[in-house]
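# Observations on the three-dimensional arrangement
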Amino acid sequence: MAQQHSKHVQSKIKSFYDNREASGLQRLQELVTDLYLAEGKKRATTWGYIEKALEKVGVKPDRIAHLKAKDDPQLLAKVVEELMAKG
């Protein structure tokens, strides 16, 4: 059953989907900072979040695997800058 939304709710939904990529990139920037500071188990957990965020913004799985294998925050930061330049 299709649900009818008010104009206000429709505009909120549209805004969410229009800004999804920008919010994903912002989240990636925050995760780069977290990665610089993380050690041990926290670093592995942070990489899990990074993988999901990279998938959401359209980075290919082989590139994500390469970034994770390198485990270099500077390399990840360069990828985020590249993505921001595209968007």
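In what follows, the structure referred to is the one given above.
Rules behind the numbers
Residues numbered from 1 in each chain as written. Predicted model: local features only at pLDDT ≥ 70, side-chain atom pairs only at ≥ 80, totals over all residues. Heavy atoms only, no water. Axes fitted to C-alpha atoms, helices over the stretch in contact; angles between N-to-C directions. Helix = DSSP H or I, 4+ residues; strand = E, 2+ residues; numbered from the N terminus. Parallel < 35°, antiparallel > 145°, perpendicular 65-115°, else oblique. Left-handed = near helix turned anticlockwise from the far one by under 90°. Contact = heavy atoms within 4.5 Å. Nonpolar A, V, L, I, M, F, W, Y, C, P; charged D, E, K, R; others polar. Expected span 1.5 Å × (residues − 1). Buried < 20%, exposed > 50% of the residue type's maximum accessible area, 1.4 Å probe, protein only. Arc of directions from axis to C-beta.

### Quick look at the packing of helix α3 (residues 41-56) against helix α5 (residues 73-86)
Close contact between α3 and α5 brings their axes to 13 Å; oriented N to C, the two are set at 20 degrees. Here α3 is positioned roughly parallel relative to α5, judged by the angle of their axes. Of the two elements, α3 crosses α5, and the hand of that crossing is left-handed. Across the interface between the two elements, R43, W47, I50 and L54 of α3 pack against P73, L76 and L83 of α5. Grouping the constituent residues of the contact of α3 with α5 by class yields six nonpolar, no polar and one charged.

### Points about α3
The end-to-end C-alpha distance of α3, which contains 16 residues, comes to 23 Å, matching closely the 22 Å that a straight helix rising 1.5 Å per residue would cover. For α3, the full list of buried residues reads R43, T46, W47, I50, A53 and L54. Projection of α3 onto a plane perpendicular to its axis shows the buried side chains occupying an angular sector of 125 degrees, all on one side. Opposite the buried face of α3, at more than 90 degrees from it, the exposed residues are K41, A44, K52, E55 and K56. G58 lies just past α3 and shows a positive phi near 95 degrees.

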